[in-house]
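Take a look at the letters that make up each chain.
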Amino acid sequence: MNSNNTKKIAFKTLGCRLNQYETDALVTDFDKAGYQLVGVDESPDVVVVNTCTVTNQSDQKSRTTISQAARANNNAVVVVTGCMANNFKEKLESQDNITFVVENNRKSSILSLVDAHFSGEILHPEQLPQDVFRYEPVRKSLHTRSAVKIQDGCDNFCTFCIIPMVRGRAVSRPVAEVLESVRKTIENGFKEIVITGVNIGRYEDREARFEDLLAQVLEVPGDFRVRISSLEPDGFGDRFVQLFSHPKLMPHLHLCLQSGSEKTLLRMRRMYDVEQFRKTINQFRSVYPEFNFTTDIIVGFPGETDEEFQQTLDAVSEFNFSHVHTFKYSVRKGTRAERMENHIPEKIKTARSAQIRELSEENKLRYYQSLIGKTQKVLVEKATRTKASGYGDLFVPVEFQAKDIQKNTIHTVKLTGLSGEGEKLVLVGELVPN
Amino acid sequence: MHLIKHEIKIDESFYKIEEIRQLTNETFSLKLPRARFAFKAGQHISLGIHGDYQSREYSIYSGENDENLEVLVKEVDNGYFTPKLRKLKTGDLVEIHGPFGKFGMEPKDAETGKFVFIASGTGIAPFRSMVRTYPEIDYTLIHGVRYSTEAYDRHEYASDRYILCSSRDQKGTYTGRLTGYLKDCTFSPETHFYLCGNSDMIFDALEILKDKGFERDQIHCEVYF
Ligand SMILES: Cc1cc2nc3c(=O)[nH]c(=O)nc-3n(C[C@H](O)[C@H](O)[C@H](O)COP(=O)(O)OP(=O)(O)OC[C@H]3O[C@@H](n4cnc5c(N)ncnc54)[C@H](O)[C@@H]3O)c2cc1C
Ligand code: SF4
């Protein structure tokens, strides 16, 4: 263990943006309390692994990360939290290499737990308060943009999804708290805020719905921009579309389609159909022709026929998503889909996944090409002495030549071409002088 | 340090089974004490058996103002959960989470709207809750079953509002699948449709209603399996 009094802490995060946000918030807590943030390979005194359990792959990844972190840091306090801590609590608690297993709803109190541990107190995670919003606004982050959590949990019970079991029912953070968190985050220097939660479209705080909250966030004074993390395509009206005319709200949405087949969508217990999805996309594009849509698709859902898969391909083509996050369906224990008939062989899933990926790359190329000659306001995330890169308003990656540009500043860039290919495709451009 | 505190409601609890009503050989209802449990007609709960790690969702079968909380369960051959539920006795404990879901209507719409409820099998459960909650509601209930014995609690519905479609006997209002009946129906344009049951029935019914010119926004679905 570290000989001087400053304790070193390392974080490992797996999974979604919400998890990333929660890690960022923990980093802020520990930083404020005087802990030193280090890498896992820099002999930390504490390692926090924030796990994910959304797919089988993420289970495996979480397990590997825990054992690697524990093995590399023999004497460290190892805290495991995140969705896996809920789903496999007892199993994890029986592992010798883990000091504490903290469930999601107690995650925000990890600092108290670790502090208590170092002061010799014996505290069990179950004694920590349960509160999914008890986070400090992010001060120190591992990223340029910071997420603000507005909601947790989901009770849609989509048949493939473990979230309702591991994150619990939907709860919304009161408007005043969200606005306070936004203000603090901006004061802490962030230029971009990402509105985050498990199913944020279901936000509900007394009379306030998601649109009402968003409108108020946009009115918070300051020089910042707002993005929305992934969204369920769940009945948005004209008001939502209209909000995107606000200069602070960035014209990109990650709308989770999951499948282009009506039958599959019903078996998934999704709450919309392809026609409603089409209506939303067209509504946006009729007002903002360049609006960027990205999505999630699950391939090989139980019972997915060739014809149903073809309908998904058709939808991906038609809706012109610039990026598709493709998931091969994997069984989550305890979900309804686990018990469905006609599970699809892995080989077919892999082939379908490759087809979607190929189509998605064609879409991306076409979309990025259509932007050449236009300008984007780029928030710089990486900068060397001669080059800078970051994301434009449309959430497209942009690189440009520039001398001594600072990270976390916004610059107007004229897009002139493309570089790289496939997943690594980026737009290149020239700095437009102010 | 500025900490944002927010109370979280703990929504899990154990309920003692007060009564079991056997409705057919396979289907029964569990009556639980109402206690503090508040819900909206159409919502469902997640039900667990003490000591078992699995749980299942069940629509609430009773009305918002009924004395008991009730669920309707069909024992599924080779199912995991329902054979265990079937073995429970009066006095045994079940664990309940919820209520969940948005399947339902606003009270003011229930008073003024025109509703068509379409159910297969135990998919009738949320509609009984709605009809008991809003006794004045203007509805037609189309219930698809295999045998007319599966017309659970049919005496509770006005005979001119309840249409039984039985596919394997001749004792229903209509003999055949409910989709066959639906094809020949006409409904006024402002009707709200609520569909509940298995996804194949819901898919077919949706297609029929869309063909008749109804918008997806006026059709609400609750998929059981
Ligand atoms: C929101 C929601 C509400 C529900 N409400 C009810 C309800 O009010 N009453 C009810 O009986 N069930 C209801 N269900 C279904 C219920 O949750 C279980 O799936 C069902 O009881 C079977 O559980 P099992 O473990 O015995 O079967 P499993 O081992 O899970 O086997 C599942 C298979 O059984 C079949 N199956 C599932 N449900 C039914 C059913 N109701 N009738 C005939 N076959 C079925 C399907 O083929 C399914 O693949 C609801 C489901 C959802 C998602
Ligand atoms: S909406 Fe569906 S997929 Fe999304 S978190 Fe809820 S249950 Fe999971």
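None of these values were measured; they are calculated from a predicted model.

Procedures and definitions
Residues numbered from 1 in each chain as written. Chains lettered and ligands numbered in written order. Predicted model: local features only at pLDDT ≥ 70, side-chain atom pairs only at ≥ 80, totals over all residues. Heavy atoms only, no water. Helix = DSSP H or I, 4+ residues; strand = E, 2+ residues; numbered from the N terminus. Buried < 20%, exposed > 50% of the residue type's maximum accessible area, 1.4 Å probe, protein only. Contact = heavy atoms within 4.5 Å. Areas by Shrake-Rupley, 256 points an atom, 1.4 Å probe, with all protein chains shown as cover. Pairing = 2+ DSSP bridges. Axes fitted to C-alpha atoms, helices over the stretch in contact; angles between N-to-C directions. Near = heavy atom within 4 Å. Nonpolar A, V, L, I, M, F, W, Y, C, P; charged D, E, K, R; others polar. pLDDT = per-residue confidence, 0-100. Right-handed = clockwise from strand over helix to strand, strands pointing away. Domains from an automatic or database assignment. Buried area = accessible area lost by both parts, 1.4 Å probe. Salt bridge = Lys/Arg side-chain N within 4 Å of Asp/Glu carboxyl O. Polar contact = N/O pair within 3.5 Å; in protein donor to acceptor, adjacent residues only side chain to side chain.

Visitor: Just checking my understanding: could you explain the overall build of chain A for this structure?
Guide: Regarding its fold elements, chain A presents 13 helices and 20 strands. For the C-alpha atoms alone, the extent of chain A along its principal axes is close to 60 × 60 × 45 Å. Taken over 434 residues, chain A has a buried fraction of 57%. Contacts in chain A between residues far apart in sequence, at least 24 positions, make up 70% of those at least 6 positions apart. A total accessible area of about 18300 Å² is found for chain A, and carbon and sulfur atoms account for 47% of it.

Visitor: What should I look at first to understand the sheet that holds strand β17 (residues 387-391) of chain A in this one?
Guide: The pairing of strands in a sheet happens through backbone hydrogen bonds and is either parallel or antiparallel. All names here are of chain A. Read around the closed barrel, the 5 strands follow the order β16-β17-β18-β20-β19; overall the barrel is mixed. In this sheet, adjacent strand axes meet at a mean angle of 50 degrees when their direction is disregarded. Strand direction decides the pairing type here: strand β19 (residues 410-419) and strand β20 (residues 426-431), joined by 6 bridges, are antiparallel. Bridged to Lys414 within β20 is Glu430. Sheet contacts for helix α13 (residues 346-371): β18 (397-401), β19 and β20; angle to β19, the most-contacted strand, approximately 125 degrees.

Visitor: How do you make sense of the site of ligand 2 when you look at a structure like this?
Guide: Looking at ligand 2, the residues that line it are A:Cys154, A:Asn156, A:Phe157, A:Cys158, A:Phe160, A:Cys161, A:Ile163, A:Pro164, A:Val198, A:Asn199, A:Glu232 and A:Arg270. Broken down by class, the residue content of the shell around ligand 2 amounts to 8 nonpolar, 2 polar and 2 charged.

Visitor: Sorry, what's going on with the confidence of the model for chain A here?
Guide: The predicted structure's coordinates, where accompanied by low pLDDT, should not be read in detail. Across chain A, the average pLDDT comes to 90, with 94% of residues at 70 or higher. Confidence, read as mean pLDDT per element, is least for helix α6 (residues 163-166) of chain A in chain A (81) and greatest for helix α12 (residues 306-319) of chain A (98).

Visitor: Before we go on, may I ask you to explain the pairing of strand β13 (residues 219-223) of chain B in this structure?
Guide: Looking along a regular strand, one sees the side chains alternate between the two faces of the sheet. Residue and element names in this part refer to chain B. Of all the 5 residues making up β13, 4 are buried; the element is thus mostly covered by neighbouring parts of the structure. Bridge count for strand β12 (residues 192-197) against β13 is 5 bridges, and the pairing is parallel. What sits directly across from Cys196, in β13, is Glu222. Handedness of the crossover joining β12 and β13 through helix α5 (residues 199-211): right-handed.

Visitor: What's the story with the domain arrangement of chain B in this structure? I'm lost.
Guide: Note: interface size is frequently given as the accessible area lost on complex formation between the parts. All names here are of chain B. As assigned here, chain B comprises domain 1 (14-100) and domain 2 (107-223). Computed over C-alpha atoms, the centres of domain 1 and domain 2 are 23 Å apart. Each partner contributes residues to the interface: domain 1 has 21 residues there, and domain 2 has 16 residues. Here domain 1 packs against domain 2, burying approximately 1500 Å² in sum over the two surfaces, 49% of which is carbon and sulfur. Where domain 1 touches domain 2, the interface holds 4 salt bridges. Remark: the boundary between domain 1 and domain 2 carries 9 residue pairs in polar contact (both at pLDDT 80 or more). In terms of residue count, the dominant contributor to the side of domain 1 that touches domain 2 is strand β6 (residues 68-74) (4 residues). Grouping the amino acids of the side of domain 1 that touches domain 2 by side-chain chemistry returns 7 nonpolar, 8 polar and 6 charged.

Visitor: Which parts of the structure should I look at to understand the sheet that holds strand β2 (residues 36-37) of chain A?
Guide: Residue and element names in this part refer to chain A. Read across the open sheet, the 5 strands follow the order β2-β1-β3-β4-β5; overall the sheet is parallel. Each of the sheet's edge strands pairs with one partner strand only, and the pair in question is β2 and β5 (100-101). Of the pairings in the sheet, the one linking strand β1 (residues 8-13) to β2 comprises 2 bridges and is parallel in character. Within β2, the residue paired with Ile9 across the bridge is Leu37. Along the sheet, helix α1 (residues 17-32) contacts β1, β2 and β3 (46-51); its crossing angle with β1, the most-contacted strand, is approximately 175 degrees. The strands that helix α2 (residues 56-72) touches are β1, β3 and β4 (77-82); relative to β3, the one it contacts most, it runs at about 175 degrees.

Visitor: Quick question: what am I supposed to make of the site of ligand 1 here?
Guide: The environment of ligand 1 is made up of 23 residues, and the closest members are A:Arg339, B:Glu57, B:Tyr58, B:Leu72 and B:Thr82. Here B:Phe81 contributes a backbone N or O atom positioned 2.7 Å from an oxygen atom of ligand 1. Computed on the free molecule, ligand 1 has an accessible area of 870 Å², of which 87% lies beneath the protein chains in the complex. Among the elements of the structure, β5 (55-59), β6, α1 (82-87) and β13 of chain B are those that each provide at least two residues to the shell around ligand 1. Looking at the shell around ligand 1 residue by residue, the classes come out as 11 nonpolar, 5 polar and 7 charged.

Visitor: What exactly am I supposed to notice about the side chain of B:Gln54 here?
Guide: All names here are of chain B. Note that Gln54 resides in the loop between β4 (44-49) and β5. Owing to a relative accessible area of 9%, Gln54 belongs among the buried residues under this scheme. For Gln54, the side chain forms a polar contact with the side chain of Arg56, separated by 2.7 Å.

Visitor: Sorry, what's going on with unusual backbone geometry here?
Guide: Leave glycine aside and you will find that most residues have negative phi; peptide bonds, for their part, are mostly trans. The amide bond that connects B:Gly98 to the next residue, B:Pro99, takes the cis arrangement and shows omega of 5 degrees. Examined against the element boundaries, B:Pro99 turns out to sit in strand β7 (residues 93-100). Here the phi dihedral of A:Arg206 falls at roughly 50 degrees; this positive angle occurs in a residue that is not glycine. Examined against the element boundaries, A:Arg206 turns out to sit in the loop between β10 (204-205) and β11 (208-209). A positive phi angle, close to 50 degrees, is found at B:Asp153, a residue other than glycine. Here B:Asp153 is to be found in the loop between β9 (138-145) and β10 (162-166).

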